[in-house]
Amino acid sequence: MTAMISTNAQPGTAPSDAAARNSARPDAGRVFRPEVQALRALAVLLVLVYHIDPSVLPGGYVGVDVFFVISGFLITGHLWREATTTGRVSLRKFWAARARRILPASLVATVTTILLALVLLPLELIDSWWRQALASVLYVENWALAVDAVDYQAANNQPTAFQHFWSLGVEEQFYLFWPLLVVLAVVLWRRTGARRGAAGEPAGPAGLRVALLVLFGSVTVASLVWGVLEVRAGNPTAYYSTLTRVWELGAGGIAALLVRDGARPGPVRNALAVAGLAGIVVVACLYDDATPFPGLYAVVPVLATLAVIVAGRTSGPGSLRTITESWAVQRIGDVSYSLYLWHFPVVVFFAVHTGRSPRTPEVLAMVALSFALAIASYVLVEQPVRRARYFRHDGRMLIAALLAMALVAGTALLLPARANAIMRPWDDLAATVAAEADARLAAGQPGDLSPFVDGRVAIHPNPQRIADDKFPGTEECLVNGLERETPACEYGETQDPAATVALVGDSHAAQFTEPLLEIAAERDWRVVTYLHGSCPYSIDRRTSDDPALVEGCAAGNAQTRQALRELQPDLVLTSFLERTAMEPRGDEKVPGATGLAETWRELSDDGAQVVVLRDTPLPKADAVRCVTENYSDPRVCDQTREEAIGGRQKVPAATALAPGTEVVDFYDLFCTESRCPAVIGNVMVYMDQNHVSRTYMHVVTDRLRQALPANP
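Residues numbered from 1 in each chain as written. Predicted model: local features only at pLDDT ≥ 70, side-chain atom pairs only at ≥ 80, totals over all residues. Heavy atoms only, no water.

1. A few points about the pairing of strand β4 (residues 525-532)
Here is step 1 of the chain: In terms of burial, β4 is largely enclosed, as seven of its eight residues are buried.
Here is step 2 of the chain: Relative to β4, strand β1 (residues 478-479) runs parallel, the two sharing two bridges. Following the sheet pairing, Leu-478 is matched in β4 by Leu-531.
Here is step 3 of the chain: Pairing between strand β2 (residues 488-492) and β4: five bridges, direction antiparallel. In the sheet register, Glu-490 faces β4, and the bridge partner there is Val-528. (Buried < 20%, exposed > 50% of the residue type's maximum accessible area, 1.4 Å probe, protein only. Helix = DSSP H or I, 4+ residues; strand = E, 2+ residues; numbered from the N terminus. Pairing = 2+ DSSP bridges.)

In structure tokens form, the structure reads like this:
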């Protein structure tokens, strides 16, 4: 008996006319709302299609926003009814009801996914999966994803089977503080005497409604404004933050206090319902991943959902009742929560084990499996727990919920335990070859590029810890491409330097930081870095499906351009991911080459010597995973030379237009004439799908030392 479930009546049954008239009145008893059940069905289908194939419904993610509005509407209605009928709100009763409704299915889905991951998950994915599993159990997955969103390296992580719990985290956090606002409003209402009339009899709830509208309205407006500002600023946390999302639930809550079904004639109801459903479908088709969201763009699906709710139950010409109250739609609404829980693990496990988009038969199989799991969850978990006499006691339910959450959280720890059982021997092996490997790299060319040339099967660093093998200053001195400001970080001799050197570019330029600093220490150089992830340093703009990235790069590069004019460096080193697409100028054969050449000539005209460091070869996309699965013979993880360095035309075309620019490449340190290994000697070459490990980057130091002028 929770606010998420409309009533104990069977969905699809027709309420009486009186019940239909009162179905949206906040002060009426709780009745079944088939239109809300239909919204649930639509919302979960949008999300399901979007996750399986985003190209079909690129804006299908708005289904989550529909859920938010529904939750805010029903929860607020539940709290309102309790407050106006009893004069109080029982937090224990409310939270027990939430636990009874939400936790059983979610914990079963979570623990099942964890157990499957123990058997099926590739080793290199375990670290992100167990952390997100734990965050999901604690309903803080949205904040875990927000942290990853601002971590340039973590932002490239593959989705885990727990990632969809971010929206449940937002809702659960809403359920924690929203009833507190109602309690506050009730206290204010009772203290001002609004609840009792002159004769001591109960007065109307108008005073309480006003207090709630003020509190809810303040939170909702503040959240919407904050969301708009965060999205406009390109803050990557905006999508997952409770602070930018709570207004959507708040909008539903405000509607619960204001909606009156009896005040609208049939044609108005029908028009509202049709417009609302059409609005949701249209934005699901027109929005995509490049849409600045949530912000102002979220207002459309929120208003569309509210339109359907305000319309209530329709009838007569123009009514969608035949569809919305059909058996199939209502049954999908029944299982919508379980379907939301189970579909995403199905999608992610498929992606993990195939590495490709599903074909039509596979799509149908995933849909069928998702529905089968959802129905089983609804019939065997959701319904029995809701009806069990044992769990009707609120205190008992809360204790059981806490114990179950602790148990599932403990199960999540089995994932890192499994990884550690494998990693400990790999750590020992890495330690046995670390000193010799570092010495070999410090000497420059390692010689034979084959793995295990000395016969010892050992890899340094441990492939399972390779994500941590990056320059310590990366987090502070390399920002996400969505940011509009590029940080300046200063190293080396700052008091009386022999020369000032600038390192400029994206994360591929950042790879050269440590080798450059080693040389700078030898030559008393001052080094200043300007590093902006995903943003080649150029006068021209890069292209992307994400407008925020394009604008972030343009703004960051403009700032760097001004900073370099003020710095007046003696030497500028620049590098970038050479496959980054750039805006073409007219009919130029190599888009971006002209802009790069102008950038380099401008630096030269300002007195700097410009050295372009060719981008390092690219590995296979799954190089780290491949090595962990083929530790004893990582040669199967090698990339062909053509795939690793082929098609790079920007730098040659640009240097032809800027002849004073020097170019240095390091290809022979990474590749033979035919292949580019993932493991060379006993060293792991790559840390992810396009960055070289900190350890292996030391191999370029000697070549860089020879290439750079001693006295720029």
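2. Things to note about the packing of helix α3 (residues 62-86) against helix α7 (residues 165-191)
The packing of two helices is summarised by the inter-axis angle and the distance between the axes.
Here is step 1 of the chain: Where α3 meets α7, the closest approach of the two axes is 10 Å, and the angle between their N-to-C directions is 30°. Relative to α7, the element α3 lies roughly parallel. The crossing of α3 and α7 is right-handed. Here α3 contributes Val-64, Phe-67, Phe-68, Ser-71, Gly-72, Ile-75, Thr-76, Leu-79 and Ala-83 to the contact with α7, which in turn contributes Trp-166, Ser-167, Val-170, Glu-171, Phe-174, Tyr-175, Trp-178, Pro-179, Val-182, Val-186 and Trp-189.
Here is step 2 of the chain: Among the residues forming the contact of α3 with α7, the class breakdown is 15 nonpolar, four polar and one charged. (Axes fitted to C-alpha atoms, helices over the stretch in contact; angles between N-to-C directions. Parallel < 35°, antiparallel > 145°, perpendicular 65-115°, else oblique. Left-handed = near helix turned anticlockwise from the far one by under 90°. Contact = heavy atoms within 4.5 Å. Nonpolar A, V, L, I, M, F, W, Y, C, P; charged D, E, K, R; others polar.)

3. Digging into the packing of aromatic side chains
Here is step 1 of the chain: Under the definition given, this model contains 24 aromatic pairs.
Here is step 2 of the chain: When the ring of Trp-426 is compared with that of Tyr-631, the centres are 4.4 Å apart and the planes differ by 20°; the resulting orientation is stacked. Of this pair, Trp-426 sits in helix α17 (residues 414-442) while Tyr-631 sits in the loop between α23 (623-629) and β7 (639-640); the two residues are 205 residues apart in sequence, bridging distant segments of the chain.
Here is step 3 of the chain: The class for Trp-426 is buried, based on a relative accessible area of 11%.
Here is step 4 of the chain: Seen from their ring centres, Phe-670 and Tyr-696 are 5.2 Å apart, and the 65° between their planes marks the pair as edge-to-face. One end of the pair, Phe-670, is in the loop between β8 (662-664) and β9 (675-676); the other, Tyr-696, is in helix α26 (residues 694-697), with 26 residues separating them in the sequence.
Here is step 5 of the chain: Taking the relative accessible area as the measure of exposure, Tyr-696 reaches 0% and is therefore buried. (Phe/Tyr/Trp six-rings, centres within 6.5 Å; stacked < 30°, edge-to-face > 60°.)

4. Some thoughts on the state of the cysteines
Here is step 1 of the chain: Taken as a whole and assessed by the stated rule, the structure comprises four disulfides.
Here is step 2 of the chain: With its sulfur 2.0 Å from that of its partner, Cys-477 forms a disulfide with Cys-489. Looking down the S-S bond of the Cys-477 and Cys-489 bridge, the torsion is -100°, so its handedness is left-handed. Of this pair, Cys-477 sits in helix α18 (residues 474-477) while Cys-489 sits in strand β2, and the two are twelve residues apart along the sequence.
Here is step 3 of the chain: Residue classification places Cys-477 among the buried positions, given a relative accessible area of 7%.
Here is step 4 of the chain: One disulfide bridge connects Cys-671 with Cys-676, the sulfur atoms lying 1.9 Å from each other. Every disulfide takes its handedness from the sign of the S-S torsion; for Cys-671 and Cys-676 that torsion is 105°, giving right-handed. Each member of the pair Cys-671 and Cys-676 is classed as buried. (Disulfide = S-S within 2.5 Å.)

5. Here's the deal with the packing of helix α10 (residues 266-286) against helix α11 (residues 299-311)
Here is step 1 of the chain: The geometry of α10 relative to α11 is characterised by a closest axis approach of 7 Å and an angle of 150° between their N-to-C directions. Comparing the axis directions of α10 and α11 gives the class roughly antiparallel. Between α10 and α11 lies a crossing whose hand is left-handed. The residues of α11 that touch α10, namely those facing Arg-269, Leu-272, Ala-273, Gly-276, Leu-277, Gly-279, Ile-280 and Val-283, are Val-300, Pro-301, Ala-304, Thr-305, Ala-307, Val-308, Val-310 and Ala-311.

6. Considerations on unusual backbone geometry
Here is step 1 of the chain: Between Phe-293 and the following residue, Pro-294, the backbone shows a cis peptide bond with an omega angle of 10°.
Here is step 2 of the chain: For the peptide bond that leads from His-460 to Pro-461, omega is -5°, which places it in the cis range.
Here is step 3 of the chain: With a phi close to 65°, Ser-534 is a non-glycine residue in the positive phi region.
Here is step 4 of the chain: Within the secondary structure layout, Ser-534 lies in the loop between β4 and α21 (547-567).
Here is step 5 of the chain: A residue is classified by how much of its surface remains accessible, and Ser-534, at 23% relative accessible area, is partly exposed.

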